[in-house]
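Given next are the chains, with one letter for each unit.
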Amino acid sequence: MTRDDLLAALTQRLGPQGVLLGADMAPHETDWRALFQGHAMAVLRPASTEEMADAVRLCAAARVPMVPQGGNTSMVAGATPDETATQIVLTTTRMTRIRDIDVNDMTMVAEAGVILKLAQDAARDAGALFPLSLSAEGSCTIGGVLSTNAGGNTTVRYGNARELMLGLEAVMPDGTIWHGLRRLRKDNTGYALRHLLVGAEGTLGIITAAALRLFPRPVEEAVAFCAVADEDAALSLFRRFRGRDESAVRAFEYMSAGSMHLVLDHVPGVSLPLAERAAHYVLVDLASSRPGANLRALLESVLEEAMEAGEVTDAALAESEAQRAAIWKLREEHPEGQKRAGASVKNDVSVPVSKVPEMVRRSCEALTRLIPGSRPVPFGHIGDGNIHMNLAQEPGTDPAAFLARSHDIMDCVNEIVRELGGSFSAEHGVGRIKTDMVEDWRGGAELAAMQAIKRAMDPHGLMNPGKVLRGL
Ligand code: FAD
Ligand code: 2HG
Ligand code: ZN
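None of the values given here were measured: they were computed from a predicted structure.

Enquirer: Any chance you could explain the overall build of the protein here in plain terms?
Expert: Within the protein, the regular secondary structure consists of 16 helices and 19 strands. For the protein, the C-alpha radius of gyration of 23 Å lies close to 23 Å, the compact-globule estimate for 472 residues. In terms of principal-axis extent, the alpha carbons of the protein reach across some 75 × 55 × 45 Å. Taking all 472 residues of the protein together, the buried fraction comes to 56%. Relative to all contacts within the protein whose residues are 6 or more apart in sequence, the contacts with residues 24 or more apart total 73%. With an accessible surface of roughly 18900 Å², the protein has 50% of that area assigned to carbon and sulfur atoms. A distance of 3 Å separates the average location of the 48 positive side-chain charges in the protein from that of its 60 negative side-chain charges.

And the structure:
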């Protein structure tokens with residue numbers, strides 16, 4: 001089939017609304033960080049699972065590679081087509097139905113293109129909670145967060161996206177629909193295909209809908225923003241809260257001066273709720289669905305103890321919903337602050353929680369030795385051991401020259417992370433940027449199994465080729 005025949009067949013099946021060409025493809029051809037400029041043959045926008053299946057079948061028959069895309073917020077260019085104009089982007093942006101919410105089973109069935117924030121809102125309107133929460137929640141989709149096994153701010157309490165998924169519906173690389181939308185808490189019936197698709201970054205098929213877990217809504221919340229003495233004090237404060245009421249800790253986020261001050265200096269509409277700037281900050285978010293949990297008293301008493309111990313040097317407690325939102329904005333704007341401040345290289349790493357202070361200190365030292373003048377900007381989900389050990393360029397220097405050192409910068413941090421028993425990608429995935437690291441870190445039996453699975457499920461190598469596994 002020629003390119004023109006394929007596009008004609010796709011337009012006939014999906015209608016003109018379902019096929020974007022030329023300049024209309026632009027937002028789908030580059031990544032959120034603007035590191036790559038791809039060129040697609042076409043962007044397809046199926047509106048249903050059946051349309052998606054037919055689109056995949058047509059592309060597969062023509063042996064045309066496909067790139068699944070949701071909200072296009074990938075931090076590793078996982079949803080970006082290559083530069084050859086031979087790949088077709090399959091976006092889920094028109095698959096936006098919440099098919100079902102059941103508050104007896106505490107489940108929601110959402111199509112892949114549902115924006116995360118809208119899934120949260122739908123759960124709230126039904127009197128329940130869908131707890132996954134990340135700064136990109138206004139743009140990222142259910143299909144995208146599952147395909148990357150996104151973590152975010154509430155992993156410490158509710159787990160990653162994988163833990164929130166019960167079943168999936170997906171279109172396999174040959175266009176077959178897999179109806180796996182089971183809503184069971186127990187289901188041991190052979191290999192768990194659903195868990196292979198979660199975190200596969202679109203390399204094994206396209207998720208079209210998911211059965212998700214819901215939780216009771218909190219009836220009490222308490223949030224504080226603290227200045228802490230150092231990284232050890234941040235971790236010690238986490239342990240204090242965990243020791244008093246582990247189930248109440250909904251989020252526990254660390255921010256270094258480097259990263260926080262980029263937000264304060266570059267993002268409009270934010271302000272520090274403390275008397276003066278500090279070297280290290282922590283955001284504590286407590287929530288409970290138990291009436292009478294008295295989280296405010298818990299917050300005050302733990303912070304008082306930590307102040308007496310010299311761990312916390314200042315703290316602001318949210319007195320209203322507006323103050324709570326303002327405190328969270330300081331954390332949520334971290335990716336944006338770094339984007340506005342110039343070029344930065346991201347190291348989305350994790351180590352065992354107890355090793356976070358050592359990892360951060362050693363990485364900061366090693367990075368400033370590697371590129372004098374550059375600014376380490378560590379921040380992130382300290383409660384689950386995932387720190388964004390990022391490096392921002394020195395102001396006024398050439399961003400391209402800085403980005404050309406990306407791999408040196410990542411290697412510099414990875415060496416330390418590896419020694420401490422960590423991972424080179426805690427939540428953003430591998431995408432196009434870190435395929436060499438998969439080979440290096442997960443070689444041997446693990447890599448061989450991954451390659452065999454990819455070859456078995458996608459024998460012609462058509463589903464997001466070159467992402468996660470190099471050459472496949
Ligand atoms: P896309 O970016 O479109 O795609 C991501 C990957 O999934 C690609 O490989 C794509 O091919 C694949 N894919 C997308 N949809 C499907 C589908 N339906 N079926 C199969 N494959 C599919 N991540 C975290 O884990 N935690 C965070 O705290 C976090 N914060 C972020 C903050 C910002 C400001 C930004 C820009 C990103 C952040 N991320 C975070 C990155 C994160 O990976 C995404 O936000 C989210 O998981 C991706 O969803 P998406 O719909 O945008 O997917
Ligand atoms: C976050 O935690 C995201 O805000 C993005 O994972 C991290 O910008 C980053 O490096
Ligand atoms: Zn993160």
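Enquirer: Quick question: what am I supposed to make of the pairing of strand E12 (residues 220-228) here?
Expert: Each regular strand displays side chains that alternate between the two surfaces of the sheet. Of all nine residues in E12, seven are buried, a share of seventy percent or more. Sheet topology places E12 next to strand E15 (residues 312-317); five bridges connect them, and they run antiparallel. Counted as the bridge partner of phenylalanine 225 is alanine 316 from E15.

Enquirer: What is the right way to look at the site of ligand 1 in this model?
Expert: Looking at ligand 1, there are 36 residues lining it, with Pro68, Gly70, Gly71, Thr73 and Thr141 nearest. In this structure, serine 147 approaches ligand 1 through a side-chain N or O atom, which is 2.9 Å from a nitrogen atom. In the environment of ligand 1, a nitrogen atom lies 3.4 Å from a nitrogen or oxygen atom belonging to the backbone of glycine 152. A total of 960 Å² of accessible area belongs to ligand 1 in isolation, and the protein chains cover 97% of it. Mapped by element, the contributors of at least two residues to the shell around ligand 1 are strand E3 (66-69), helix H4 (142-147) and strand E10 (206-213). Top contributing element to the shell around ligand 1 by residue count: H4, with four residues. Grouping the constituent residues of the shell around ligand 1 by class yields 13 nonpolar, 21 polar and two charged.

Enquirer: Would you mind showing me how to read the site of ligand 2 here?
Expert: Around ligand 2, the surrounding shell consists of Met75, Ser135, Arg331, Pro335, Lys346, Phe379, His381, His388, Asn390, Glu427 and His428. Separating an oxygen atom of ligand 2 from a side-chain N or O atom of histidine 381 is a distance of 3.0 Å. In the environment of ligand 2, an oxygen atom lies 2.8 Å from a nitrogen or oxygen atom belonging to the side chain of asparagine 390. Within the complex, the protein chains bury 92% of what would otherwise be the 290 Å² of accessible surface of ligand 2. For the shell around ligand 2, the elements supplying multiple residues, two or more each, are strand E18 (375-381) and strand E19 (386-392). Its residues assigned to classes, the shell around ligand 2 comprises three nonpolar, five polar and three charged.

Enquirer: Can you help me understand the sheet that holds E3 in this one?
Expert: Backbone hydrogen bonds are what pair the strands of a sheet, in a parallel or an antiparallel way. Read from one edge of the open sheet, four strands run E1-E2-E4-E3, paired in mixed fashion. Edge strands, defined here as strands with exactly one partner in the open sheet, are strand E1 (19-20) and E3. As paired elements, strand E2 (residues 42-44) and strand E4 (residues 88-91) share three bridges and run parallel to each other. Bridge pairing in E4 links leucine 44 to leucine 90.

Enquirer: Can you help me understand the coordination of the zinc ion (ligand 3) in this one?
Expert: Angles between donor atoms at a metal ideally measure 109.5 degrees for a four-coordinate tetrahedral arrangement and either 90 or 180 degrees for a six-coordinate octahedral one. Coordination of the zinc ion (ligand 3) by the protein is provided by His381 (NE2), His388 (NE2) and Glu427 (OE), with metal-donor distances spanning 1.8 to 2.1 Å. For the zinc ion (ligand 3), the donor residues sit on a single chain with the sequence spacing H-x6-H-x38-E. With histidine 388 in strand E19 and glutamate 427 in the loop between helix H14 (406-419) and helix H15 (435-441), the pair connects residues that are 39 residues apart, well separated along the chain. Histidine 388 sits in the buried class, given a relative accessible area of 4%.

Enquirer: Can you help me understand the sheet that holds strand E5 (residues 98-102) in this one?
Expert: Strand order in the open sheet made by the five strands is E5-E6-E10-E8-E9, with antiparallel pairing throughout. Two strands lie at the open edges of the sheet, namely E5 and strand E9 (177-180), each paired on one side alone. Ignoring strand direction, the axes of neighbouring strands in this sheet form an average angle of 15°. When strand E8 (residues 165-171) meets E10, the two strands line up antiparallel, connected through six bridges. Across the sheet, leucine 168 pairs through a bridge with alanine 210, a residue of E10. The sheet contacts of helix H2 (residues 49-61) involve E5, E8, E9 and E10, and relative to E8 the element is tilted by about 50°.

Parameters and conventions
- Residues numbered from 1 in each chain as written.
- Chains lettered and ligands numbered in written order.
- Predicted model: local features only at pLDDT ≥ 70, side-chain atom pairs only at ≥ 80, totals over all residues.
- Heavy atoms only, no water.
- Helix = DSSP H or I, 4+ residues; strand = E, 2+ residues; numbered from the N terminus.
- Rg over C-alpha atoms; globule rule 2.2 N^0.38 Å.
- Buried < 20%, exposed > 50% of the residue type's maximum accessible area, 1.4 Å probe, protein only.
- Contact = heavy atoms within 4.5 Å.
- Areas by Shrake-Rupley, 256 points an atom, 1.4 Å probe, with all protein chains shown as cover.
- Lys, Arg positive; Asp, Glu negative; His and termini not counted.
- Charge placed at Lys NZ, Arg CZ, Asp CG, Glu CD.
- Pairing = 2+ DSSP bridges.
- Near = heavy atom within 4 Å.
- Polar contact = N/O pair within 3.5 Å; in protein donor to acceptor, adjacent residues only side chain to side chain.
- Nonpolar A, V, L, I, M, F, W, Y, C, P; charged D, E, K, R; others polar.
- Donors = N, O, S within 2.8 Å, 3.2 Å for Na, K, Ca; no water.
- Axes fitted to C-alpha atoms, helices over the stretch in contact; angles between N-to-C directions.

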